[in-house]
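Each chain is listed here by its residues.
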Amino acid sequence: RKLEEKITIEEIKKENKIISLGGGAFMNSKIRKYVFLNTKSFWLNINTNILAKRLQNSKKRPLLVGNNIKITLEKIYNERKSTYSLANFKIDCNNLATVSIVNKIIQHYEND
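So, here's what we can say about the structure. In this text the structure is predicted, and so the values were computed from the model without any measurement.

Our next topic: the packing of aromatic side chains. Tallied over the full model, the rule gives 4 aromatic pairs. Centre to centre, the rings of Phe42 and Phe89 are 5.1 Å apart; their planes meet at 25 degrees, and the pair counts as stacked. Taken together, the residues span a long stretch of sequence, with Phe42 in strand E1 (residues 42–45) and Phe89 in strand E2 (residues 89–92) at a distance of 47 residues. One aromatic cluster in this structure is built from Trp43, Tyr77 and Tyr84.

Written out as C-alpha cells, the structure reads:
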C-alpha cells in the first residue's frame, strides 16, 4: 500500500492524466487529499449483486478470494460508501452500458 500511495500521488500530480483508482486507493486519506487538490473524481457506483456476478471467478481481488463474494462485497461497500460519496461526481452505473458511463463522465467533466 505504501508503494501504491507513492506511485499514485506521483501520477496524480502530472497534468492531463486519467487514473482509475481502485476502491482501496481512494480510502487512503493522503491519496484522497491529492485527488481533491489536483483532479476531478468520479464514484462509479454499482449494485453489489451485479458486481458479485462480474467478480465471481476473479482471482485478482485479494479481499474476495476464499470468501463469500456477496457478503464480502456488501461489507466492503458499507464500510467505504461514506468515503466514496466524497467524490466530486457520483454516477449510478447499474443500468448503463459502458459507452453511457463514459458519456456521463465526459459530460460532468466538461460542464464543471
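Tracing the sequence through the fold places Glu5 in helix H1 (residues 2–12). Under the relative-accessibility criterion, Glu5 is labelled buried at 11%.

Where H1 meets helix H3 (residues 29–38), the closest approach of the two axes is 10 Å, and the angle between their N-to-C directions is 5 degrees. Considered as vectors, H1 and H3 are oriented roughly parallel to each other. Across the interface between the two elements, Glu4, Glu5, Thr8, Ile9 and Ile12 of H1 pack against Lys30, Ile31, Tyr34, Val35 and Asn38 of H3. For the contact of H1 with H3, the per-class residue count stands at 5 nonpolar, 2 polar and 3 charged.

The next subject is the pairing of E2. Residue alternation in E2 divides its side chains into a buried set, Phe89 and Ile91, and an unburied set, Lys90 and Asp92. Looking at chain direction, E1 and E2 are connected through 4 bridges and run parallel. Of the residues in E2, the one forming a bridge with Asn45 is Asp92.

Here is what the cut-offs are and how they apply
Residues numbered from 1 in each chain as written. Predicted model: local features only at pLDDT ≥ 70, side-chain atom pairs only at ≥ 80, totals over all residues. Heavy atoms only, no water. Phe/Tyr/Trp six-rings, centres within 6.5 Å; stacked < 30°, edge-to-face > 60°. Helix = DSSP H or I, 4+ residues; strand = E, 2+ residues; numbered from the N terminus. Buried < 20%, exposed > 50% of the residue type's maximum accessible area, 1.4 Å probe, protein only. Axes fitted to C-alpha atoms, helices over the stretch in contact; angles between N-to-C directions. Parallel < 35°, antiparallel > 145°, perpendicular 65-115°, else oblique. Contact = heavy atoms within 4.5 Å. Nonpolar A, V, L, I, M, F, W, Y, C, P; charged D, E, K, R; others polar. Pairing = 2+ DSSP bridges.

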